Amino acid sequence: MDDGAGGRLPPETPRLRLVLPAPEHRAAHEAFCASPRSNVAMAEQATDHFDALLNHHDLLGYGPFVAVTREGNEAIGVFGPWNLDSQPDPELVFLLWNASHEGRGLAFEASVSTRSFAHWVLGWRTAVSYVSDGNHRATGLAMRLGALRDGTWRTPAGTILQVWRHPDPEAA
């Protein structure tokens, strides 16, 4: 699969394609950031956050992907490797933009594919997912992915997040 950036895309899943973030995804992402599904910090920084998604690939050669349904071609969220200097560990993000896509295993599919990409293509041996307290769906997804609770992290803005560490697929 060629993405225009050297063919570095995660494998497709039975129901999803994973593509580079593009301007046409901005409205869905900003609507998510402004919704109760998001945290306050993201709502305040929705435009900057999407610009960071776009620029992450340019700056580092990789970044999160937008999951698009194979049937209907609907963009449903952002998944994959995110690595900011302000964070202590590389992160695997999973943001399902709309509640209508919950409970169908789509976030799990996208997360497994992008985690494999981070490990096998980028060479990541470890990664975490940062989850807000009370985000039971994200906590459940982290657990389903086999991640283990690994303390908390205080963001530069002072927000306390749960740290969920993903397993190394090569560990015994």
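Refer to the structure above for everything that follows.
Criteria and cut-off values
- Residues numbered from 1 in each chain as written.
- Predicted model: local features only at pLDDT ≥ 70, side-chain atom pairs only at ≥ 80, totals over all residues.
- Heavy atoms only, no water.
- Core = buried A, V, L, I, M, F, W, Y, C linked by side-chain atoms within 4.5 Å.
- Buried < 20%, exposed > 50% of the residue type's maximum accessible area, 1.4 Å probe, protein only.
- Helix = DSSP H or I, 4+ residues; strand = E, 2+ residues; numbered from the N terminus.
- Contact = heavy atoms within 4.5 Å.
- Polar contact = N/O pair within 3.5 Å; in protein donor to acceptor, adjacent residues only side chain to side chain.
- Phe/Tyr/Trp six-rings, centres within 6.5 Å; stacked < 30°, edge-to-face > 60°.
- Lys NZ or Arg CZ within 6 Å of the ring centre and 35° of its normal.
- Expected span 1.5 Å × (residues − 1).

## Topic: the nonpolar core
Ranked by internal contacts, the top residues of the largest apolar core, which has 26 residues, are A67, F79, F94 and W124. The greatest single-element share of this core, amounting to 5 residues, is contributed by helix α4 (residues 106-120). When near neighbours in sequence (up to four residues on either side) are disregarded, A67 contacts L16, R17, L18, E74, A75, I76, G77, F79 and A110. In this structure, F32, L53, V66 and L95 belong to the second largest nonpolar core, which totals 12 residues.

## Here we look at unusual backbone geometry
Positive phi, close to 55°, is recorded for N73, a residue that is not glycine. Tracing the chain through its elements places N73 in the loop between β2 (65-69) and β3 (75-82).

## Some thoughts on the side chain of T13
Structurally, T13 is set in the segment before β1 (16-19). Side-chain polar atoms of T13 contact the side chain of E109, separated by 2.5 Å. Sequence-distant contacts of T13, that is, excluding residues within four places in its chain, are made with L18, R70, E109 and S113.

## Let's talk about the environment of N55
With respect to the element layout, N55 can be found in helix α3 (residues 46-60). Residue N55 is classed as partly exposed on the basis of its relative accessible area, which comes to 38%. Sequence separation between N55 and L95 is 40 residues; the distance between their C-alpha atoms is 18 Å.

## Here's the deal with the packing of aromatic side chains
The tally for this structure, following the rule as stated, stands at 3 aromatic pairs. Aromatic side chains Y62 and W124 sit 5.8 Å apart centroid to centroid with 85° between the ring planes, which places their arrangement in the edge-to-face category. Within this pair, whereas Y62 is found in the loop between α3 and β2, its partner W124 is found in the loop between α4 and β5 (127-132), the two being separated by 62 residues in sequence. The residues Y62 and W124 share a single accessibility class, namely buried. Taking the centre distance of 4.7 Å and the plane angle of 40° together, the rings of Y130 and W153 count as tilted. Of this pair, Y130 sits in strand β5 while W153 sits in strand β6 (residues 148-154); the two residues are 23 residues apart in sequence, bridging distant segments of the chain. Its relative accessible area of 11% is what places Y130 among the buried residues. For R144, the ring lying beneath its charged end belongs to F108, and the centroid distance is 3.9 Å.

## Quick notes on α4
Here α4 spans 21 Å end to end across 15 residues, near enough to the 21 Å set by a 1.5 Å rise per residue. Taken together, the buried positions of α4 are occupied by L106, A107, E109, A110, S111, S113, T114, F117, A118 and H119. Against β1, β2, β3, β4 (91-96) and α5 (136-144) lie the buried residues of α4.

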